[in-house]
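# Notes for the structure review
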Amino acid sequence: MFRRASNIYDSFRSIEVFLKLLGVLPLIWVDSAITDKSINQKLLNWLNLLGNCISYLLVVFIQYVPIRPSEGLLDQVYSSSILQTSSTLLPLLFIILGHAMGSQMKRIFHELNDFDQKLRVISFCAMDYQKHRILIICYQMCLISVTSLVTCSSFFVINNLSFPRVAYLYIWRVMLTWTVVAQQFVVTVWLIIERVKQMNKVFGMYFPKNGLPSSLLPKKGYQETGEVRNEKTQLIVLRHIVVLYDKIVDVVDLVNHCYSIQITICVGVCFSVGVISTFGVFKALLRWQELYFMGLHNIVWGAYYVCIVVIFISAGSQIAQEGKRTETLVYKGITNCPSSAVKNELNLFSQQLLHRRPIITCGMFVYDWTLMYTLIGATATYLIIMIQFDISVASLMSSNGTASKCEP
């Protein structure tokens, strides 16, 4: 892990180790493209899954506190059995899905590693795996640090509610599980984005841009020979790029298959917490002197979950933009290419681009900025409904108290 990164497996190693420590990935998760495991390795993975599930459920059982009756609508939401059950079962579901999809997730990196080898045939510049590893470690440390700070705000709530001390471990485990699942998805998509960018750079090297062959344009980081690319070279490179683009789309489809359930659940939970936190801030603003701590707590948690959704949507939107950039480069190549044979190949490639695009989706919706606008509108709608229910509950309680006082 501490030697210089020489492939995509080394770049991802830091997150892989953290995922294994939390039980979200199988203990035996080899880098080799051969996915067949021995009986001992399969048995070890099953024992690892069973041990993680039992230890997690044991902590849940020890820290369990009976739900106390509450009066306010916000208190009822926070102490509801649905919220407590979901916070318990969803991390356990992530652990099970991580083991069930482990071989498919590793296949993503096998395909990307094969992509790098094929891209190296037509490119003078290789992927900087060491830079990728440093960036991934920095992102991992930042997200874990922010999660730790957010979790500390819950520790103050635990002290006020007299929860058992083991609840600290429970909340920490739940938050880390959410965090590493988000990291795994975002980093995987980011590695794909970097390869699409590299493919687009290679395409720009060999095909005309603004009427000139791009081999005559200075490119920083590439060892240009200064010679004009001939038609035969362009055809060979184009056929390589068509295969690489098709492989990237297959990898994106595999990512959607492996992470659609986890990320959809994460977005749903982030949306629910965002609505509840916004309502909590509204309640705190009405009585800020008394409820300022609750208001700050809801602001911190709401901002944290909103940032997670923004990261998801930003990653999905960026890979779609890189796919559109590929289309733009192909259309410019068709316009400026003097060779009819190359132009015919570019036309066929443009048809492939229309029918196959790298899009991050769960099957119900696409992860782009339109989803963010939809979530904002839905948050406003549910916030109005919760405010109306809270006013109705307060009015009903006030009328019941007045009626009881009037009775002899």
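Not measured: the values here are computed from a predicted model.

For the rest of this paragraph, the subject is the pattern of salt bridges. Within this structure, the stated rule accounts for 13 salt bridges. Between K118 and D114 there is a salt bridge, with the nearest N and O atoms lying 3.4 Å from each other. Placement of the pair is K118 and D114 together in helix α5 (residues 102-122), with a separation of four residues, close to one helical turn. Residue classification places D114 among the partly exposed positions, given a relative accessible area of 25%. D250 is paired through a salt bridge with R356; the nearest N and O atoms lie 2.7 Å apart. With D250 in helix α8 (residues 231-286) and R356 in the loop between α10 (340-355) and α11 (369-406), this residue pair connects regions lying 106 residues apart in the sequence. On the basis of relative accessibility, which here comes to 38%, the residue D250 falls in the partly exposed class. Residues joined by salt bridges that share partners form a network here, namely D10, R13, E16 and K20.

Within the largest apolar cluster, 98 residues are counted, with the highest numbers of intra-cluster contacts made by F185, I192, F203, V255, F312 and L346. Per-element tally for this core: the top contributor is helix α7 (residues 166-206), with 22 residues. Dropping the residues within four chain positions of it, F203 is found in contact with L238, I241, L329, V330, L346 and F349. Core analysis: the second largest hydrophobic core is formed by five residues, V275, F279, L383 and M386 among them.

Their axes nearest at 10 Å, the elements α5 and α8 cross at an angle of 165°. If you check the angle between α5 and α8, you find them roughly antiparallel. The interaxial crossing formed by α5 with α8 has left-handed handedness. Each residue belonging to the contact of α5 with α8 can be placed in one class, and the counts come to 17 nonpolar, three polar and five charged.

Conventions used here
- Residues numbered from 1 in each chain as written.
- Predicted model: local features only at pLDDT ≥ 70, side-chain atom pairs only at ≥ 80, totals over all residues.
- Heavy atoms only, no water.
- Salt bridge = Lys/Arg side-chain N within 4 Å of Asp/Glu carboxyl O.
- Helix = DSSP H or I, 4+ residues; strand = E, 2+ residues; numbered from the N terminus.
- Buried < 20%, exposed > 50% of the residue type's maximum accessible area, 1.4 Å probe, protein only.
- Core = buried A, V, L, I, M, F, W, Y, C linked by side-chain atoms within 4.5 Å.
- Contact = heavy atoms within 4.5 Å.
- Axes fitted to C-alpha atoms, helices over the stretch in contact; angles between N-to-C directions.
- Parallel < 35°, antiparallel > 145°, perpendicular 65-115°, else oblique.
- Left-handed = near helix turned anticlockwise from the far one by under 90°.
- Nonpolar A, V, L, I, M, F, W, Y, C, P; charged D, E, K, R; others polar.

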